[in-house]
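Now for the letters of each chain:
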Amino acid sequence: MKRLILTRHAKSSWDDPMMPDHDRPLNERGKAAAADLGQWLASRDYIPGEVLCSDALRTRKTFSGIAPALPGTPVLELKPALYHAGPDVMMAVLRHATADVVMMIGHNPGIAEFAQRLVAHPPATPDFQRYPTGATLVVDFDAPDWASVGFGSGVAADFVVPREIVA
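## Here we look at the overall build of the protein chain
Then comes step 1: The number of helices and strands found in the protein chain is five helices and six strands.
Then comes step 2: Expected size for 167 residues packed as a compact globule is a radius of gyration near 15 Å; at 14 Å, the protein chain falls within 12% of this value.
Then comes step 3: Expressed as lengths along the three principal axes of its C-alpha atoms, the size of the protein chain is roughly 45 × 35 × 30 Å.
Then comes step 4: Across the 167 residues of the protein chain, 51% fall into the buried class.
Then comes step 5: In the protein chain, the share of contacts with a sequence separation of at least 24, taken over all contacts with a separation of at least 6, comes to 73%.
Then comes step 6: Counting only carbon and sulfur atoms, one obtains 54% of the accessible surface of the protein chain, whose full area is about 7,700 Å².
Then comes step 7: In the protein chain, 16 side chains carry a positive charge and 19 a negative one; their mean positions are 4 Å apart.

## Considerations on the sheet that holds strand 6 (residues 155-160)
Then comes step 1: Read from one edge to the other, the open sheet built from six strands follows the order 3-2-4-1-5-6, with strand pairing classed as mixed. Only two strands of the sheet have a single partner each, and these edge strands are strand 3 (75-78) and strand 6. Ignoring which end each strand starts from, the neighbouring axes of this sheet average 20° apart.
Then comes step 2: Strand direction decides the pairing type here: strand 2 (residues 50-53) and strand 3, joined by four bridges, are parallel. The residue bridging Leu52 from the neighbouring strand is Glu77, located in strand 3.
Then comes step 3: Contacting strand 1 (2-8), strand 4 (101-106), strand 5 (136-141) and strand 6, helix 1 (residues 28-43) runs over the sheet at an angle of about 30° to strand 5.
Then comes step 4: In the packing of helix 3 (residues 87-94) onto the sheet, contacts are made with strand 1, strand 2 and strand 4, and the angle to strand 4 comes to roughly 145°.

## Examining the pattern of salt bridges
Then comes step 1: Evaluation of the coordinates by the stated rule reveals 11 salt bridges.
Then comes step 2: Asp88 is paired through a salt bridge with Arg117; the nearest N and O atoms lie 3.7 Å apart. Here the residue Asp88 occupies a position in helix 3, and Arg117 occupies one in helix 4 (residues 110-118), the gap between them amounting to 29 residues.
Then comes step 3: Asp88 gets classed as exposed once you look at its relative accessible area, which sits at 53%.

## What to know about the side chain of Thr7
Then comes step 1: If you trace the backbone, Thr7 turns up in strand 1.
Then comes step 2: Judged by relative accessible area, which is 0%, Thr7 ranks as buried.
Then comes step 3: Within the local environment of Thr7, its side chain forms a polar contact with the side chain of Thr136, the two groups lying 3.1 Å apart.
Then comes step 4: Once you skip the residues sitting within four places of it in the chain, Thr7 turns out to touch Leu37, Met103, Met104, Ile105, Gly106, Ile111, Gly134, Ala135 and Thr136.

## Comments concerning the pairing of strand 1
Then comes step 1: Counting buried residues in strand 1 gives six out of seven residues, a clear majority hidden from the surface.
Then comes step 2: Two elements, strand 1 and strand 4, share six bridges in a ladder whose sense is parallel. Bridged to Leu4 within strand 4 is Val102.

What counts and how
- Residues numbered from 1 in each chain as written.
- Predicted model: local features only at pLDDT ≥ 70, side-chain atom pairs only at ≥ 80, totals over all residues.
- Heavy atoms only, no water.
- Helix = DSSP H or I, 4+ residues; strand = E, 2+ residues; numbered from the N terminus.
- Rg over C-alpha atoms; globule rule 2.2 N^0.38 Å.
- Buried < 20%, exposed > 50% of the residue type's maximum accessible area, 1.4 Å probe, protein only.
- Contact = heavy atoms within 4.5 Å.
- Areas by Shrake-Rupley, 256 points an atom, 1.4 Å probe, with all protein chains shown as cover.
- Lys, Arg positive; Asp, Glu negative; His and termini not counted.
- Charge placed at Lys NZ, Arg CZ, Asp CG, Glu CD.
- Pairing = 2+ DSSP bridges.
- Axes fitted to C-alpha atoms, helices over the stretch in contact; angles between N-to-C directions.
- Salt bridge = Lys/Arg side-chain N within 4 Å of Asp/Glu carboxyl O.
- Polar contact = N/O pair within 3.5 Å; in protein donor to acceptor, adjacent residues only side chain to side chain.

Have a look at this one:
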């Protein structure tokens, strides 16, 4: 059994319109949402052993906000290929994962399409289609390793967006 925690980065700041997209930080709402997501994950025992994270600042800061709530220290791997990646690239990165529970942090529109293509039956919420900032899908795969995981083979175990979390 393999489990993927698929998280879109939390809300980022647009205070400086001249800032390169890759360097945008989280805004205050995003920082709070990341902390809430960490609490939510820990409260449900969704604890990654490995984190595959886009190298953009907002994805790294999302993980920095989540991490304090998690027991232990998952292995963080910054993956430049995940920056604005499409589903096929995301799947290729995932297939090289080694932990049984993996968290992947990325960007729309690729992460929304990736989530939709992973599960056989999507969660019954309009937020799943939009995959807003901070959206997190927990999906289970009956597979011996990540190389065996394919599109449409996942079972959605949980889905949340930060505004649904009562901290």
